[in-house]
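Listed below, chain by chain, are the residues.
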Amino acid sequence: MTDFIPVNEPLLDGNERKYLLQCIETGWISSEGPFVKEFEEKFAARMGRKHGIAVSNGTAAIDAAIEALNIGAGDEVIMPTFTIISCISQIVRNGGVPVLVDSDPLTWNMDVTQIEAKITTRTKAIMIVHIFGLPVDVEPVLDIAKRHNLKVIEDAAEMHGQTYKGKPCGSFGDISTFSFYPNKHITTGEGGMILTDDDALAETCRSLRNLCFQAQKRFVHERLGWNMRMTNMQAALGLAQLERLDEFVERKRRMGALYTELLRDAPGLQLPLPNTNYAENIYWVFGVVVDESSGLDAESAMKKLAEKGVGTRPFFYPMHLQPVFRKAGLFQGEEHQVAARISQQGFYVPSGMALTDSQVRDVAEAVKQILNGANA
Ligand SMILES: Cc1ncc(COP(=O)(O)O)c(C=O)c1O
């Protein structure tokens, strides 16, 4: 292997150039341009939702969701510990209380059987975060939320084109959110989307995205928002990418199947489940967990793979172990063993949209070599 294989490379060879040129030729480059509305409408329609609100990134989408649902001081939100910091930041900033659950050891998604026992009189919402390519087992969560009158926030950042029992991911939350970072199934460079069927929530999110300017007295503010607007150029990319979503999902599934075939017999290596009884994996990333018996952990495996020209990324670091929260006195004495283990032993290999079959073969070979101690 000669060239370094990056962990991600997007494919931008559809209508991206054409739509971007239109932005430049018409002068519509800000968030006021026509592609933004078109992207919002088409993306929302694809996910079966009434409203789409395009924002500057997936983190901003979650921030706005938390704020729009008025999650504030003392309000508890049940959520997975194994996720990205984006899911928790605004809850904590608002004085809310994240209540964490551990992961399922096979899907790496939140263990939904732990949720109900965590409900108190202060619980206001459950946050679902679909991890790596398989959705959370949504039905039991929706059932619990309904029985306890809780809001559901669905972070579908990694789940473009995925379904749960045939229904699109992104269609399950009172508010659902997406990211369009370049490692996602479709990208806008930086970008995000808020989806909801609720007219009032949509209006609030639109306002929060745009500094809570008011229609009549523009510079008089009743509430604090953010500038989270998406530009027409980002939406241009998004539209071109959305046209190819089915093709991209198919591509990722083929990549996942090839990795699985090549790595199935590798000793001491846990692979992503190809499917569950509610979904077929879309392999946002191809994550692997090395067994301790191999003598490797994620850090040492990733180092060895880098020496072989293979880019990797570690799994998420659980929220209950984050120094920023520990220092603030949160999650003292909490243990979530599955999340702690997979974050120690797990990482993902190159799986971007532009990855070729031959690169997948090279990566799989390198993984097998490090497991066999061939480069010791
Ligand atoms: C589950 C999840 N939520 C939120 C985000 C944040 O999205 P962004 O990077 O667009 O802010 C990501 C990003 O990778 C993610 O994986």
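Since we're looking at a predicted model, the values are computed, not measured. (Residues numbered from 1 in each chain as written. Predicted model: local features only at pLDDT ≥ 70, side-chain atom pairs only at ≥ 80, totals over all residues. Heavy atoms only, no water.)

(A) Focus on the sheet that holds strand S5 (residues 151–155). If you walk across this open sheet you meet the 7 strands as S1-S9-S8-S5-S4-S2-S3, and the pairing is mixed. Each edge of the sheet is formed by a strand with only one pairing partner; in this case those strands are strand S1 (51–55) and strand S3 (97–101). Across the sheet, the axes of successive neighbouring strands diverge by a mean angle of 20 degrees, strand direction being ignored. Judged from the 5 bridges that link them, strand S4 (residues 123–129) and S5 form a sheet pairing that is parallel. Bridge pairing in S5 places Ala125 opposite Lys151. Contacting S1, strand S8 (175–179) and strand S9 (192–196), helix H2 (residues 34–46) crosses the sheet at an angle of about 130 degrees to S1. (Pairing = 2+ DSSP bridges. Helix = DSSP H or I, 4+ residues; strand = E, 2+ residues; numbered from the N terminus. Axes fitted to C-alpha atoms, helices over the stretch in contact; angles between N-to-C directions. Contact = heavy atoms within 4.5 Å.)

(B) Up close: the packing of helix H1 (residues 16–26) against helix H7 (residues 232–242). Close contact between H1 and H7 brings their axes to 8 Å; oriented N to C, the two are set at 155 degrees. Relative to H7, the element H1 is oriented roughly antiparallel. As for the relative orientation of H1 and H7, their crossing is right-handed in sense. Listed contacts from H7 to Glu16, Tyr19, Leu20 and Cys23 of H1 are Asn232, Met233, Ala236, Leu237, Leu239, Ala240 and Gln241. (Parallel < 35°, antiparallel > 145°, perpendicular 65-115°, else oblique. Left-handed = near helix turned anticlockwise from the far one by under 90°.)

(C) Looking closely at unusual backbone geometry. Here Asn149, not a glycine, exhibits a phi torsion of approximately 55 degrees, which is positive. Within the element layout of this structure, Asn149 appears in the loop between helix H5 (138–148) and S5. When its relative accessible area of 72% is taken as the criterion, Asn149 is described as exposed. Here Phe331, not a glycine, exhibits a phi torsion of approximately 60 degrees, which is positive. (Buried < 20%, exposed > 50% of the residue type's maximum accessible area, 1.4 Å probe, protein only.)

(D) Fine view of the sheet that holds strand S10 (residues 269–270). Spatially, 4 strands are ordered S10-S11-S13-S12 in an open sheet, and the strand pairing comes out antiparallel. Only two strands of the sheet have a single neighbouring strand rather than two, namely S10 and strand S12 (313–314). Bridge count for S12 against strand S13 (residues 346–349) is 2 bridges, and the pairing is antiparallel. Looking at the pairing, Arg313 lines up with Tyr348 of S13.

What is shown is where atoms sit, not what they do.
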